[in-house]
Amino acid sequence: MTVRVAPNQIELSIGGMTCASCAARIEKKLNRLDGVTATVNYATEKASVSFPDDVTAGDLIAVVEKTGYTASEVRPEPEEAAPVDEFHDARTRLWVSVALSVPVVVLAMVPAWQFTYWQWLSLTLAAPVVVYGGWPFHRAAWTNLRHGAATMDTLVSLGTVAAFGWSVWALFFGTAGTPGMTHPFELVIGRGDGTGAIYLEAAAGVTTFILAGRYFEARSKRRAGAALRVLLELGAKDVTVLRGGVEQRVPVAALVVGDRFVVRPGEKIATDGVVEDGTSAVDASMLTGESVPVEVAPGDTVAGATVNAGGRLIVRASRVGADTQLAQMARLVERAQTGKAPVQRLADRISGIFVPVVIALAAATLGWWVGAGAGWTAAFTAAVAVLIIACPCALGLATPTALLVGTGRGAQLGILIKGPQVLESTRAVDTVVLDKTGTVTTGRMSLLEVSAAAGEDRDEVLRMAGAVEAASEHPIAQAVARAAAERGGLPPVTGFAGLQGVGVSGTVEGRAVLVGRLGLLRERGYLVPAGVEQALGAARKAGRTAVVVGWDARVRGVLAVADVVRPSSRDAVAALRRLGLRPVLLTGDNDVVARAVAAEVGVDEVFAEVLPAGKVEVVKGLQERGRVVAMVGDGVNDAAALAQADLGLAMGTGTDAAIEAADLTLVRGDLSVAADAIRLSRRTLRVIKSNLFWAFAYNVAALPLAAAGLLNPMIAGAAMAFSSVFVVANSLRLRRFH
């Protein structure tokens with residue numbers, strides 16, 4: 001037996017999918033090709049396909065098109081989003097349908113308002129709703145029919161067209177068009193009767209309700225793909241290039257490998273490169289998770305989109321465009337999203353059986369009534385009643401209304417839920433991975449301790465150090481300066497100088513003050529009193545960064561700074577444990593710092609010194625061990641892991657890339673909200689499931705009545721509307737969530 005290898009990988013953009021069953025059908029067709037392995041993701045509207053050499057991209061696209069959908073190859077670099085309202089047509093279609101269908105439904109349901117010729121006004125208003133508003137359903141139903149498939153679109157199209165067609169027949173060829181006709185409420189279908197009844201409200205109402213559900217679902221689903229655009233937008237837009245010794249401001253896209261460019265303090269580094277001149281501190285936390293800025297000097301490498309927090313640098317570009325670390329991270333997010341299993345919602349799974357059964361039941365009802373000698377009118381009326389009572393109006397509302405109320409309540413509590421696809425995983429999550437920097441900690445350096453040498457005053461040590469550090473832009477320096485300023489005014493400094501990433505110096509009140517590493521002060525001949533080295537060692541053991549302060553050739557004290565733990569983090573970890581979740585700390589920071597933070601908040605399992613790609617691997621490893629993983633993070637370095645996790649939670653105080661890649665956003669930036677987010681998500685999922693159950697239950701319970709001729713289409717429409725009211729009322733219970 002010959003096993004064919006699939007060495008080629010391609011990503012296809014799929015168009016025309018209306019439900020998760022569409023994705024399953026495309027995936028099934030592609031996987032039938034010899035040697036092809038395909039995964040189709042309904043949420044991202046993409047297919048990830050591995051295929052052998054003797055299969056081409058054109059072959060794959062042809063298979064998708066033969067299945068009734070469109071496909072095109074995704075470009076290596078995502079195109080810049082065009083400033084176009086992609087939901088304009090859907091929104092217009094929805095609001096036109098709402099405006100026209102409301103009077104139709106009201107007139108049909110309130111006999112007292114049925115004036116002379118009201119039925120002709122209803123026909124005039126309902127026709128555009130059924131034809132224009134329902135066009136997406138009719139088109140999808142026709143596509144499915146040509147390929148021997150049936151979905152909810154088929155049922156919606158059949159029911160609305162049948163109700164509308166019967167109404168037109170009754171108006172023009174029956175007695176429904178006579179002046180003064182009223183619409184009575186009757187339960188029983190009389191034999192041979194039905195020519196005086198119209199069901200325009202059912203046709204227009206079903207179309208409008210389902211359109212609303214699909215519109216809100218599409219908006220929620222489309223946001224999932226925004227992470228890549230946000231990632232790529234994080235980089236610098238312009239750069240100052242040195243060409244012929246002259247500085248020129250050019251777009252980043254114009255950079256080529258080998259170009260020398262200038263990075264001033266506070267600017268983003270335009271692309272990956274090597275420092276040729278200058279020293280500085282570079283804030284790389286967005287890419288590496290390292291809370292302490294990295295000191296760079298000539299010969300050191302720097303990454304694009306990181307921030308120059310110190311002096312002026314001249315960098316030679318080594319990688320540009322799709323080769324940069326930022327672009328590689330974008331591809332990591334894309335692969336993690338595409339690799340997720342398609343979300344098979346309950347409504348779509350059940351519809352695979354429900355729709356064909358209902359169509360068969362309607363046909364059987366028509367045949368039975370004709371065979372029983374009741375006549376075509378009564379037979380067709382009963383068959384239409386079967387289709388209308390089965391029409392899934394409440395199904396279209398089941399998910400969007402619960403989401404609307406759940407997300408609205410969540411927003412009040414500082415929780416944003418992206419859509420229905422995120423909820424199922426909250427039920428099974430058993431492990432929560434916590435990023436350290438900016439999630440468990442504040443993400444900002446703070447002064448924690450001042451240790452004065454024997455005979456020195458702690459406040460004086462801090463005051464002198466703060467005066468010099470206030471002139472520096474380094475985050476550690478700023479932490480010292482802030483703490484000193486909070487205790488009183490700072491004296492002025494003269495002769496300030498940065499010392500190549502090892503310290504700073506300046507003259508304060510006539511004293512030459514030096515702040516930096518202990519080795520720097522020893523090189524300058526400073527006396528180191530007993531206890532200074534012990535204080536440094538204790539600070540490092542606690543996971544803190546320490547600098548020493550000296551003047552008049554003597555070390556006067558030690559300052560310890562660190563990224564401090566958020567006050568709420570310990571209680572948040574305890575709350576997550578009460579939900580049955582096992583907390584794990586994951587960080588790009590060093591092991592000593594990570595374990596110190598973990599011990600402080602009560603986490604036992606720690607992964608430290610992990611790069612962005614490694615974070616994805618850690619999440620994958622936990623998943624391969626059978627765990628269902630939630631990930632909480634805030635930085636660009638967390639974006640790929642957030643996308644890979646079964647449930648991604650982003651701190652709202654973090655980067656846009658992390659927020660877009662996550663499933664849930666904690667607006668307040670407080671880890672304690674994570675437990676509330678999972679509880680609310682689980683509650684919303686339970687409401688959605690109960691909505692779906694009752695939506696089907698109403699239909700299933702009424703189907704035998706409709707088939708037996710005990711439920712005319714008018715009452716079927718009323719029952720359908722009541723099921724929708726029930727679903728909305730059930731969803732409103734989420735407003736009481738605390």
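- As named in an unreviewed UniProt entry, the protein chain is Heavy metal translocating P-type ATPase, taken from Actinoplanes oblitus.
- According to UniProt, the comment filed for the protein chain under the heading Sequence similarities (unreviewed entry) is "Belongs to the cation transport ATPase (P-type) (TC 3.A.3) family. Type IB subfamily."
- Under the heading Subcellular location (unreviewed entry), UniProt records this for the protein chain: "Cell membrane".

## Here we look at a positive patch on the surface
Phase 1: Taken together, the side chains of Arg 683, Arg 686, Arg 733 and Arg 736 make up a positively charged region of the molecular surface.
Phase 2: Positionally, Arg 736 belongs in the segment after α26 (713–732).
Phase 3: Residue class for Arg 736 comes out exposed when judged on its relative accessible area of 58%.

## Details of the pattern of salt bridges
Phase 1: Across all of its chains, the model carries 24 salt bridges by this definition.
Phase 2: We note a salt bridge from Arg 312 to Glu 247, for which the minimum N-O separation is 3.0 Å. Here Arg 312 is found in the loop between β12 (307–308) and β13 (313–319), whereas its partner Glu 247 is found in strand β6 (residues 246–251), with 65 residues between them in sequence.
Phase 3: Put simply, Asp 638 and Lys 615 hold a salt bridge, and the shortest N to O gap is 2.7 Å. Of the two residues, Asp 638 is situated in helix α23 (residues 636–644) and Lys 615 in helix α22 (residues 612–624); the sequence distance between them amounts to 23 residues. Like Lys 615, Asp 638 is buried.
Phase 4: In this structure, a network of salt bridges that share partners links the residues Glu 460, Arg 463, Glu 509 and Arg 511.

## Some details on the sheet that holds strand β11 (residues 301–302)
Phase 1: Taken in spatial order, the six strands make up an open sheet running β6-β5-β7-β13-β8-β11, and their pairing is antiparallel. Of all the strands in the sheet, just β6 and β11 have a single pairing partner and so form its edges.
Phase 2: Inspection of the sheet shows strand β5 (residues 238–243) paired to strand β7 (residues 260–263) by three bridges, in the antiparallel sense. Across the sheet, residue Leu 242 finds its bridge partner in β7, namely Arg 260.

## Let's talk about unusual backbone geometry
Phase 1: One non-glycine residue, Asp 552, adopts positive backbone phi at about 55°.
Phase 2: Structurally, Asp 552 is set in the loop between β20 (545–551) and β21 (554–565).
Phase 3: Residue Asp 552 is classed as exposed on the basis of its relative accessible area, which comes to 52%.
Phase 4: In the Ramachandran plot, Glu 609 falls in the positive-phi region, its phi being about 55° despite a non-glycine side chain.
Phase 5: When you line up the elements, Glu 609 lands in the loop between β23 (605–607) and α22.
Phase 6: Look at Glu 609 and you get exposed, because its relative accessible area is 54%.

## A word on helix α17 (residues 475–486)
Phase 1: Here α17 spans 17 Å end to end across 12 residues, near enough to the 16 Å set by a 1.5 Å rise per residue.
Phase 2: Considering only its buried residues, α17 is in contact with β16 (441–452), α16 (458–469), β20 and β21.
Phase 3: A positive backbone phi angle near 150° is found at Gly 488, which sits one or two residues after α17.

## With respect to helix α20 (residues 569–578)
Phase 1: Every buried residue of α20 is accounted for by Ser 569, Ala 572, Val 573, Ala 575 and Leu 576. Around the axis of α20, the buried residues are gathered within 160° of arc, so they sit on the same side. Opposite the packed face of α20, turned more than 90 degrees from it, sit the exposed residues Asp 571 and Arg 578.
Phase 2: Looking at the buried residues of α20, the elements they touch are β15 (431–435), α15 (436–440), β21, β22 (582–586), α21 (591–601) and α25 (672–707).

## Details of the sheet that holds β20
Phase 1: Across the sheet, which stays open at both edges, the six strands sit in the order β16-β21-β20-β19-β18-β17 with antiparallel pairing between neighbours. Strands at the two margins of the open sheet, each flanked by one partner only, are β16 and β17 (493–498). The mean angle between the axes of side-by-side strands here comes to 20°, regardless of whether they run parallel or antiparallel.
Phase 2: Relative to β21, β16 runs antiparallel, the two being bridged by eight bridges. Counterpart to Met 445 in the pairing with β21 is Asp 563.
Phase 3: Contacts between α16 and the sheet are confined to β16, β17, β18 (503–508), β19 (511–516), β20 and β21, with β18 contributing the most and set at about 105° to the helix.
Phase 4: Sitting on the sheet, α17 is in contact with β16, β20 and β21, with an inclination near 65° to β16.

## Regarding the pairing of strand β1 (residues 8–15)
Phase 1: Of the strand pairs in this sheet, β1 and strand β3 (residues 46–51) are connected by six bridges, and their pairing is antiparallel. Of the residues in β3, the one forming a bridge with Leu 12 is Ala 47.
Phase 2: Sheet analysis places β1 next to strand β4 (residues 70–73), joined by four bridges and oriented antiparallel. Considered in β4, the bridge of Gly 15 is made with Thr 70.

## Quick word on the packing of aromatic side chains
Phase 1: The full count for this structure, using the stated rule, is four aromatic pairs.
Phase 2: Geometrically, the ring pair formed by Trp 166 and Trp 169 is stacked, given 5.2 Å between the ring centres and 25° between the ring planes. Taken together, the residues span about one helical turn, with Trp 166 and Trp 169 both in helix α6 (residues 152–173) at a distance of three residues.
Phase 3: We classify Trp 166 as buried; its relative accessible area is 5%.
Phase 4: Measuring from ring centre to ring centre gives 6.0 Å for Trp 368 and Trp 369, while their planes differ by 75°; the resulting arrangement is edge-to-face.
Phase 5: Looking at Trp 368, the relative accessible area reads 53%, which means it is exposed.
Phase 6: Taking relative accessible area as the criterion, Trp 369 reaches 4% and is therefore assigned buried.

## Observations regarding the confidence of the model for the protein chain
Phase 1: On average, residues of the protein chain score 80 in pLDDT, and 82% of them are at 70 or above.
Phase 2: Confidence, expressed as mean pLDDT per element, reaches its minimum in the protein chain at helix α8 (residues 226–233) with 54 and its maximum at helix α4 (residues 118–133) with 95.
Phase 3: Across residues 1–5, where pLDDT falls below 50, the model places six contacts with residues more than four positions away in sequence or in other chains.
Phase 4: With pLDDT under 50 throughout, residues 339–344 is counted as low confidence; its partners more than four residues away or in other chains account for 14 contacts.

## Things to note about the side chain of Thr 67
Phase 1: Within the fold, Thr 67 resides in the loop between α2 (57–66) and β4.
Phase 2: For Thr 67, a relative accessible area of 5% puts it in the buried group.
Phase 3: Only 2.7 Å separates the side chain of Thr 67 from the backbone oxygen of Val 63, close enough to count as a polar contact.
Phase 4: Beyond its immediate sequence surroundings of up to four residues, Thr 67 is in contact with Arg 25, Lys 29 and His 147.

Each value, and the rule that gives it
- Residues numbered from 1 in each chain as written.
- Predicted model: local features only at pLDDT ≥ 70, side-chain atom pairs only at ≥ 80, totals over all residues.
- Heavy atoms only, no water.
- UniProt positions renumbered as here; feature names shortened; annotations may be inferred.
- Patch = residues over 30% accessible without salt bridge, like charges linked within 9 Å, V, L, I, M, F, W, Y side chains within 5 Å.
- Areas by Shrake-Rupley, 256 points an atom, 1.4 Å probe, with all protein chains shown as cover.
- Salt bridge = Lys/Arg side-chain N within 4 Å of Asp/Glu carboxyl O.
- Lys, Arg positive; Asp, Glu negative; His and termini not counted.
- Charge placed at Lys NZ, Arg CZ, Asp CG, Glu CD.
- Helix = DSSP H or I, 4+ residues; strand = E, 2+ residues; numbered from the N terminus.
- Buried < 20%, exposed > 50% of the residue type's maximum accessible area, 1.4 Å probe, protein only.
- Pairing = 2+ DSSP bridges.
- Expected span 1.5 Å × (residues − 1).
- Contact = heavy atoms within 4.5 Å.
- Arc of directions from axis to C-beta.
- Axes fitted to C-alpha atoms, helices over the stretch in contact; angles between N-to-C directions.
- Phe/Tyr/Trp six-rings, centres within 6.5 Å; stacked < 30°, edge-to-face > 60°.
- pLDDT = per-residue confidence, 0-100.
- Polar contact = N/O pair within 3.5 Å; in protein donor to acceptor, adjacent residues only side chain to side chain.

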